[in-house]
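Observations on chain architecture
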Amino acid sequence: MPDKLAVFDLDGTLCDAGTLAVSPETIAAIDHLKATGILPIVASGRSYYEVKDLLELLDLHTFILANGCYIVYHDQVIQNYQFPTAAIEDVLAAATDHHDAVGFFNQQGFAISEMTPLTRQHVARMRVTNVPIDRYYYQHAPVNFLNLYMTGEKDAAYQAQFKDQLSILRYAPDAVDVMPTTVSKASGILKIKARLHQPSAPVYVFGDQNNDLSMFDLADYGIAMRQSSDPLKQKAAYVATSAHGVLEGLKHYQLIK
């Protein structure tokens, strides 16, 4: 059984932002962790259809996707949260009032409610093509979580409206994740630790944005990337100074040579 957990966000952390590419050095580091009794875990806002090839490349069989909505432990699905229809419709109504678009995501695909200049900017930056537009996607497909495509000055209004109901966390300049308050990347880590029967195993977390904050609260060692958000840097035990923050952090804590 592994005696340590190393948990990696993808975009802007294990991978360059907007791409799902990893360097040969990163692949070698992941292989070294596995060989030395450390369990590497991906914890991402991405869905399975987006990262399937990357997980196969890294030969990873335990992962947390959709910000904790979808959890797989040793190739077994242990959580697949479904966003309640009534909550989706509440968010849609608020988005209509604020003239914002909504994204609906599950593990097989996604759709957005409408194409706006901000959604067009976001999908271009994320290098997503063939974007389905379907305001009623949630009526014929399961939904794990939502996105709102908006700029930062609207965050407080949504957070106030959905206080104690939904978690609204910014992960990009033009987008936020909308999640149930009971689901997070951190809750995913706890579910995996319970399966491992290793409650005291130290957790090393690597991240860069506010949707990693819950993991940093839980981590024994939080490693923030050089370009991380200020709130994440404030919670970090170590802040990388180079563009290769994952490798730098692994070496700093002597998890790789």
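Residues numbered from 1 in each chain as written. Predicted model: local features only at pLDDT ≥ 70, side-chain atom pairs only at ≥ 80, totals over all residues. Heavy atoms only, no water.

Brief notes about the overall build of the chain
Tallying secondary structure elements over the chain gives 9 helices and 13 strands in all. Scaling as 2.2 N^0.38, a compact globule of 257 residues should have a C-alpha radius of gyration of about 18 Å, and the chain matches this with 18 Å. Expressed along its principal axes, the backbone C-alpha trace of the chain runs to roughly 55 × 35 × 35 Å. Within the chain, the fraction of its 257 residues that count as buried is 55%. Excluding contacts between residues fewer than 6 apart, the proportion of contacts in the chain whose partners are at least 24 apart in sequence is 58%. Here the chain displays about 11,500 Å² of accessible surface, and carbon together with sulfur accounts for 52% of that area. If the 20 positive side-chain charges of the chain are averaged to one point and the 28 negative ones to another, these points end up 4 Å apart. (Helix = DSSP H or I, 4+ residues; strand = E, 2+ residues; numbered from the N terminus. Rg over C-alpha atoms; globule rule 2.2 N^0.38 Å. Buried < 20%, exposed > 50% of the residue type's maximum accessible area, 1.4 Å probe, protein only. Contact = heavy atoms within 4.5 Å. Areas by Shrake-Rupley, 256 points an atom, 1.4 Å probe, with all protein chains shown as cover. Lys, Arg positive; Asp, Glu negative; His and termini not counted. Charge placed at Lys NZ, Arg CZ, Asp CG, Glu CD.)

Side note on the domain arrangement of the chain
Per the domain assignment, the segments of the chain are domain 1 (4–80 + 183–253) and domain 2 (85–180). The centre of domain 1, based on its C-alpha atoms, is set 24 Å off from the matching centre of domain 2. Contact with domain 1, which involves 18 residues of that partner, is made by 17 residues of domain 2. Inspection of the region where domain 1 meets domain 2 yields 0 salt bridges. On the surface where domain 1 and domain 2 come into contact, there are 7 residue pairs in polar contact (both at pLDDT 80 or more). (Domains from an automatic or database assignment. Salt bridge = Lys/Arg side-chain N within 4 Å of Asp/Glu carboxyl O. Polar contact = N/O pair within 3.5 Å; in protein donor to acceptor, adjacent residues only side chain to side chain.)

Looking at the sheet that holds strand β8 (residues 145–149)
One key point about sheets: their strands pair by backbone hydrogen bonds, in either a parallel or an antiparallel sense. Ordered in space as β7-β6-β8-β10-β9, the 5 strands form an open sheet in which the pairing is antiparallel. Of all the strands in the sheet, the pair left with one neighbour each is β7 (110–112) and β9 (166–172). Averaged over all pairs of adjacent strands, the angle between their axes in this sheet comes to 25 degrees, without regard to strand direction. By the bridge criterion, 3 bridges tie strand β6 (residues 101–105) to β7 in an arrangement that is antiparallel. In the strand pairing of β7, Gly 103 is matched with Ile 112. (Pairing = 2+ DSSP bridges. Axes fitted to C-alpha atoms, helices over the stretch in contact; angles between N-to-C directions.)

A few points about the pattern of salt bridges
Within the structure shown, the criterion is met by 11 salt bridges. Across the pair Arg 46 and Asp 11 runs a salt bridge whose closest N-O atoms are separated by 2.7 Å. In this pair, Arg 46 sits in the loop between β2 (38–43) and α2 (48–58) while Asp 11 sits in the loop between β1 (4–8) and α1 (24–35), placing the two residues 35 residues apart along the sequence. Residue classification places Arg 46 among the buried positions, given a relative accessible area of 8%. Measuring nitrogen to oxygen at the nearest pair gives 3.9 Å for the salt bridge that ties Lys 34 to Asp 59.

Observations regarding the sheet that holds strand β13 (residues 238–239)
The strand order across the open sheet formed by 8 strands is β5-β4-β3-β2-β1-β11-β12-β13, and the pairing between neighbours is mixed. Edge positions in the sheet fall to β5 (76–80) and β13, since each of these pairs with one other strand and no more. One ladder, built from 4 bridges, connects strand β11 (residues 203–207) with strand β12 (residues 221–224); its direction is parallel. Each bridged residue has a counterpart across the sheet, and for Gly 207 the counterpart in β12 is Ala 224. The strands touched by α2 within the sheet are β2, β3 (63–65) and β4 (70–73), with β3 carrying the most contacts at an inclination of about 155 degrees.

Overview of the pairing of β11
Judged by how many residues are buried, β11 sits mostly within the fold: 5 of 5 residues are covered. Along β11, one buried face is formed by Val 203, Val 205 and Gly 207 and the opposite face, lined by Tyr 204 and Phe 206, is buried too. Relative to β11, β1 is paired through 4 bridges, and the arrangement is parallel. Across the sheet, residue Val 7 finds its bridge partner in β11, namely Val 205. The handedness of the β11 to β12 crossover, carried by helix α7 (residues 213–218), is right-handed. (Right-handed = clockwise from strand over helix to strand, strands pointing away.)

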